[in-house]
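Each chain, written out:
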Amino acid sequence: MEDILSRLKSGRVIVADGAMGTMLQAAGLPTGMSPESWLLENPNPVRDVHRAYVEAGADMILTCTFGGTRTRLKRAGLSERVAEVSRRAVEIAREATADESYVAGDIGPLGELLAPVGKTTYEQAVEIFAEQAAALAEAGVDVLYIETMSDLNEVRAAVEGARKARAGIPIFATLSFDRHGRTNMGVSPEQAAEALLVLGLDAFGANCGATLEMTEGAVAKMHQAAPQVPLVVKPNAGKPY
């Protein structure tokens, strides 16, 4: 396949995969157990979910590493196994795609608020994100995919950490817009676009959110603020009942 940045520049749409957590729960992931912990002992269901998305036509799949930072893995007693979890997740994804789809290294929020609201400093956040990003990059992902962010400082820390991982690797980032068209930390789509534009990302946009309409509206405003940047749109199908 051509590299993912060439694909972006061609103007052709890159179709991503869908939900991971709910699919794994349907495949047997125990309630309350992290997918990152489960995949170490149960790679087959994770591989099967990835493969199903590839066969459905996904051009890009996200690794099962949304909660793969040290802070999130600590809850499962795996804080010292960030590299192992990341490496195994990429291996499973690569096996599933058989080089038919791009593999994006998924990086989610820390699960902790940054200072001054929380205790984690910006510098600590950068190092935590860099640890996961480096492991994903070394394992061979095509792009580092930062998602479901609500705090611009956390996005900046994640991007800075990703850039420490390996020079030149593409970086995408998305925020989640919920009530009143803003993130949970009050960031508007216009503010997000302006901030992400300065960071020089290869693509950015919105994911998750409460409704399809809410995500669509947020992305439309981001496009107005930064029409030259490729947009990522990866919404929820809606609120669970």
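How each quantity is defined
Throughout, residues of each chain are indexed from 1 in the direction in which the sequence is written. Owing to the predicted nature of the model, reporting of local features is limited to residues with pLDDT of at least 70; listing and counting of side-chain atom pairs is limited to 80 or more, with chain, interface and lining totals taken over all residues. No hydrogens and no water enter the side-chain calculation; it runs on all heavy atoms of the structure. Secondary structure elements are defined from DSSP: runs of H or I of at least 4 residues count as helices, runs of E of at least 2 residues count as strands, and each element is numbered from the N terminus. The quantity called the radius of gyration is restricted to C-alpha atoms. Its globule counterpart is 2.2 Å times the number of residues to the power 0.38. Burial status follows relative accessibility: with a 1.4 Å probe on protein chains alone, a residue under 20% of its type maximum counts as buried, one over 50% as exposed, and anything between as partly exposed. Criterion for a salt bridge: a side-chain nitrogen of Lys or Arg within 4 Å of a carboxyl oxygen of Asp or Glu. Among buried residues, those of type Ala, Val, Leu, Ile, Met, Phe, Trp, Tyr and Cys that are joined through side-chain atoms within 4.5 Å constitute a nonpolar core. Here, two residues are considered to be in contact whenever any of their heavy atoms come within 4.5 Å of each other. Note: two strands are recorded as paired if DSSP finds a minimum of 2 bridges between them. The handedness of a crossover follows from its direction of travel: if, with the strands pointing away from the viewer, the path from the first strand over the helix to the second runs clockwise, the crossover is right-handed.

Here we come to the overall build of the protein chain. Across its full length, the protein chain holds 10 helices and six strands. The C-alpha atoms of the protein chain give a radius of gyration of 17 Å, which matches the 18 Å a tight globule of 241 residues would have. Counting only C-alpha atoms and orienting by the principal axes, one finds that the protein chain spans roughly 45 × 45 × 40 Å. Out of the 241 residues in the protein chain, the part that is buried amounts to 49%.

Attention now goes to the pattern of salt bridges. By the definition in use, this model includes 12 salt bridges. Between arginine 12 and glutamate 2 there is a salt bridge, with the nearest N and O atoms lying 2.0 Å from each other. In this pair, arginine 12 sits in the loop between helix 1 (4-9) and helix 2 (21-26) while glutamate 2 sits in the segment before helix 1, placing the two residues 10 residues apart along the sequence. Relative accessible area serves as the criterion here: at 42%, arginine 12 is assigned to the partly exposed category. Relative accessible area serves as the criterion here: at 34%, glutamate 2 is assigned to the partly exposed category. One salt bridge in this structure joins aspartate 17 and lysine 234, with 3.3 Å as the shortest N-O distance.

Membership of the largest hydrophobic core comes to 61 residues, with the highest contact counts inside it found for Ile146 and Leu175. Residues in contact with isoleucine 146, not counting those within four places in the same chain, are Ile107, Ala158, Val159, Ala162, Ile171, Phe172, Ala173 and Thr174. Ile14, Leu62, Tyr145 and Ala203 belong to the second largest nonpolar core, which has 12 residues in total.

This next bit is on unusual backbone geometry. Here the amide bond leading from alanine 115 into proline 116 is cis, since omega sits at 10°, within 30 degrees of zero. Residue position: proline 116 is located in the loop between strand 2 (102-107) and helix 7 (122-139). At alanine 98, a position not held by glycine, the phi torsion is positive, near 50°. Relative to the helices and strands, alanine 98 is located in the loop between helix 6 (82-97) and strand 2. A relative accessible area of 46% places alanine 98 in the partly exposed class. A positive phi is found at cysteine 208, a non-glycine position, where the angle reads about 60°. Looking at the element boundaries, cysteine 208 is found in strand 5 (residues 203-208). For cysteine 208, a relative accessible area of 24% corresponds to the partly exposed category.

One face of the sheet, then the other: side chains in a regular strand alternate in exactly this way. Of all the six residues making up strand 5, five are buried; the element is thus mostly covered by neighbouring parts of the structure. As defined by bridge partners, strand 4 (residues 171-175) adjoins strand 5 across four bridges and the pair is classed as parallel. The residue bridging alanine 173 from the neighbouring strand is phenylalanine 204, located in strand 5. As defined by bridge partners, strand 5 adjoins strand 6 (residues 231-235) across five bridges and the pair is classed as parallel. Paired with phenylalanine 204 across the strands is leucine 231, a residue of strand 6. Following the backbone out of strand 5, through helix 10 (residues 212-225) and into the adjacent parallel strand 6, one traces a crossover that is right-handed.

Turning next to the environment of proline 109. Locating proline 109 in the fold gives a position in the loop between strand 2 and helix 7. Relative accessible area serves as the criterion here: at 14%, proline 109 is assigned to the buried category. Excluding its chain neighbours within four sequence positions, the residues that come into contact with proline 109 are Phe66, Thr69, Arg72, Glu147, Thr148, Met149 and Glu154.

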